[in-house]
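Observations on the model geometry
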Amino acid sequence: MRITRPRSLGTAGDSHHLHLSSLEVLDQTNVKLPLAYTGCASEYVKRGHYVPPQPGFRVEPYTPADVIDGNPQTSSQSDWSANAVYGSQDHWMEFEVPWITGGDTTIVVVNTQSNPTRLSGATLAVLDFDGTAMAEFTLTADIDQRFQLHYPY
Ligand SMILES: [Ca+2]
């Protein structure tokens, strides 16, 4: 499963960031499937944003692991520090889904509370093992977003 925010969506107004709070995949009986992040992401998303130690912020960078930690309060943040060149690359991240069973699958995306419009127009693609897109959804600025994957696709 790949989430992409390409530069072609626009970089004006500090809009080109890929920050995400949560991604869940539920099978037809609403059982949450285990997702895995194996480090497959664009450079800045993989690196994550790092905030120097200060009150209210943690020390670890904000990476895609924060998207599948089961906690909607934590979010990934593409690096927007002085180490990143703003607008220089497309942002994307991939998560592995071990299986998708027959029947309807529900994909639940939780956007960040701050600057949710940045996610608007980004895409969520369900990829086959060879990278072929079986389905693609367009994300919005909504905080809670749900998409139905109908089998067969
Ligand atoms: Ca989270």
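Preceding block: the structure.
Basis of the calculations
- Residues numbered from 1 in each chain as written.
- Predicted model: local features only at pLDDT ≥ 70, side-chain atom pairs only at ≥ 80, totals over all residues.
- Pairing = 2+ DSSP bridges.
- Helix = DSSP H or I, 4+ residues; strand = E, 2+ residues; numbered from the N terminus.
- Axes fitted to C-alpha atoms, helices over the stretch in contact; angles between N-to-C directions.
- Core = buried A, V, L, I, M, F, W, Y, C linked by C-beta atoms within 7 Å.
- Buried ≥ 20, exposed ≤ 12 C-beta atoms within 10 Å, placed from the backbone.
- Contact = placed C-beta atoms within 7 Å.

Observations concerning the sheet that holds strand 9 (residues 144–149)
Judged by pairing direction, the sheet is antiparallel, and its three strands sit side by side in the order 3-6-9 without closing on themselves. Two strands lie at the open edges of the sheet, namely strand 3 (22–26) and strand 9, each paired on one side alone. The sheet shows a mean angle of 15° between the axes of neighbouring strands, taken without regard to direction. Direction of pairing for strand 6 (residues 105–110) relative to strand 9: antiparallel, over a ladder of six bridges. When the bridges of strand 9 are listed, Thr 105 appears paired with Leu 149.

What about the sheet that holds strand 5 (residues 91–94)?
On the basis of which strands lie adjacent, the open sheet formed by four strands has the order 5-1-7-8 and antiparallel pairing. Edge positions in the open sheet fall to strand 5 and strand 8 (133–138), since each of these has one partner strand only. In this sheet, neighbouring strand axes are inclined to one another by 15° on average, regardless of whether the strands run parallel or antiparallel. Where strand 1 (residues 2–5) lies against strand 5, four bridges are found, and the strand directions are antiparallel. Residue pairing for strand 5: Thr 4 is matched across the bridge by Trp 92.

As for the environment of Met 134
Tracing the chain through its elements places Met 134 in strand 8. A C-alpha to C-alpha distance of 9.5 Å links Met 134 and Leu 149, two positions 15 residues apart in sequence.

Looking at the nonpolar core
One finds Ile 3, Leu 20, Val 45, Trp 92, Met 93, Ala 122 and Leu 139 to be the most contacted residues of the largest nonpolar core, which totals 15 residues. Looking at this core, the elements with two or more residues in it are helix 1 (43–47) and strand 5. Leaving out residues up to four positions away in the same chain, Ile 3 has contacts with Leu 20, Trp 92, Met 93, Ala 122 and Leu 124.

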